[in-house]
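# Residue-level structural notes
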Amino acid sequence: MIKKILLAAAIITTSLAAHSQIGLGLRDSRYVNINYRYRNCWTAKFEQSVYSEKMGYQYFRIYAGYERTIGMFKVKAEPYFGMTYNNSYSNEGIAIGGCVTPLKWLAIEAEIVPHHDSGMGYTTCYNAGVEFKCTQQIAVTAALTNRPEYREAERRVRCGLKFNVENLWVHPQLSIPTEGYAKNVRILVGMGYHF
């Protein structure tokens, strides 16, 4: 009986692994993640902050989502929940968006994110951007967003370069506030690698 259970578990694990990818990533220079993609559409991700704070003030977030590509269109829905380890605050929301690639060198994306923070309340966040591919490996990007880089939603313009080489992508950006002072310009880096 035990041999049959182990054999069934091995077959299920092998079939799941045959249609899946595991990846590591970095978001906004402050959040590392491990992610899982099944059949190129179902996703799960665990994200951990790397703040210069004690462990109780570190933040983690869990995502689950679905993504589908149909011709030049890609749509996605990705609910999430996050909190600090000492439970000083939590937040949840869902990123709903899409991308269209009308030309092979141009991609246009839009995303709306109903977002709730336990201390700051509800905010409807958004992200709208374009990507111009200069070569197969290099693209220029620009976006207007109010998605929180920390906790508070603030309207910012992001511009940068995106580098793709096989299973690795790196995306350095400048994050510039549309209101306020230029001293609030941030340099952010995102990256990901799929095995």
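Bear in mind that the values here come from a model prediction, so they are computed numbers and not experimental data. (Residues numbered from 1 in each chain as written. Predicted model: local features only at pLDDT ≥ 70, side-chain atom pairs only at ≥ 80, totals over all residues. Heavy atoms only, no water.)

### Focus on the overall build of the protein
As a reminder of what qualifies: Numbering of helices and strands starts at the N terminus; helices are DSSP runs of H or I of at least 4 residues and strands are runs of E of at least 2. We call two residues in contact when some of their heavy atoms are within 4.5 Å. The protein chains shown are the only cover counted for residues, whose accessible areas, like all others here, come from Shrake-Rupley with a 1.4 Å probe. His is not counted, nor are the chain ends; Lys and Arg add positive charge and Asp and Glu add negative charge. A charged residue contributes its charge at one atom only: NZ of Lys, CZ of Arg, CG of Asp or CD of Glu.
Per the secondary structure count, the protein includes 1 helix and 12 strands. Reading the helices (α) and strands (β) of the protein from amino to carboxyl end gives α-β-β-β-β-β-β-β-β-β-β-β-β. Seen through its principal axes, the protein has C-alpha atoms that stretch 70 × 45 × 25 Å. Taking the contacts inside the protein whose residues are at least 6 apart along the sequence as the reference set, 31% of them involve residues at least 24 apart. Total accessible area on the protein is roughly 12100 Å²; 65% of this is exposed by carbon and sulfur atoms. The positive charge centre, built from 22 side chains, and the negative charge centre, built from 15, are 7 Å apart in the protein.

### Details of the side chain of Asn-146
Just so we agree on the cut-off: The term polar contact refers here to a pair of N or O atoms within 3.5 Å; inside protein, the definition further demands a hydrogen-donor-capable atom paired with an acceptor-capable atom, and it admits residues adjacent in sequence only when both atoms are side-chain atoms.
Assignment of secondary structure puts Asn-146 in the loop between strand E9 (138-145) and strand E10 (156-165). Within polar-contact distance, the side chain of Asn-146 engages the backbone oxygen of Thr-124 at 3.5 Å. At a separation of 2.7 Å, a polar atom in the side chain of Asn-146 contacts the main-chain amide nitrogen of Tyr-126. If we ignore the near neighbours within four places in the chain, the residues touching Asn-146 are Thr-123, Thr-124, Cys-125, Tyr-126, Ala-153, Glu-154 and Arg-155.

### Here we look at the packing of aromatic side chains
To keep things clear, this is the line we draw: For Phe, Tyr and Trp, where Trp contributes only its six-membered ring, two rings pair if their centres lie within 6.5 Å, and the inter-plane angle classes them as stacked under 30 degrees, edge-to-face over 60, or tilted in between. Think of it in three bands: with a 1.4 Å probe and only protein chains considered, a residue is buried below 20% of the maximum accessible area for its type, exposed above 50%, and partly exposed in between.
Tallying each qualifying case throughout the model produces 9 aromatic pairs. Taking the centre distance of 5.8 Å and the plane angle of 75 degrees together, the rings of Tyr-31 and Tyr-51 count as edge-to-face. Highlighted residues: Tyr-31 in strand E2 (residues 31-38) and Tyr-51 in the loop between strand E3 (42-49) and strand E4 (59-70), separated in sequence by 20 residues. We classify Tyr-31 as buried; its relative accessible area is 2%. For the pair Tyr-31 and Tyr-59, a centre-to-centre distance of 6.3 Å together with 75 degrees between the ring planes defines the contact as edge-to-face.

### Observations regarding the pattern of salt bridges
Opposite charge on two side chains permits pairing when their charged atoms draw close. Defined as follows: The salt bridge definition used is simple: a Lys or Arg side-chain nitrogen within 4 Å of an Asp or Glu carboxyl oxygen.
A complete count under the given rule lists 13 salt bridges for this structure. Glu-154 is paired through a salt bridge with Arg-156; the nearest N and O atoms lie 3.2 Å apart. Residue Glu-154 is classed as partly exposed on the basis of its relative accessible area of 27%. When its relative accessible area of 1% is taken as the criterion, Arg-156 is described as buried.

### Quick notes on the sheet that holds strand E8 (residues 121-133)
The condition is simple: For two strands to be treated as a pair, DSSP must find at least two bridges joining them. Helix axes use the C-alpha atoms of the stretch in contact, all axes being lines fitted to C-alpha atoms, and the angles between their N-to-C directions lie in the range 0 to 180 degrees.
An order of E1-E2-E3-E4-E5-E6-E7-E8-E9-E10-E11-E12 is seen for the 12 strands of this closed barrel, with the pairing classed as antiparallel. Averaged over all adjacent pairs, the angle separating strand axes in this sheet is 20 degrees, with direction ignored. Inspection of the sheet shows E3 paired to E4 by 7 bridges, in the antiparallel sense. If you follow Gln-48 over to E4, its bridge partner there is Phe-60.

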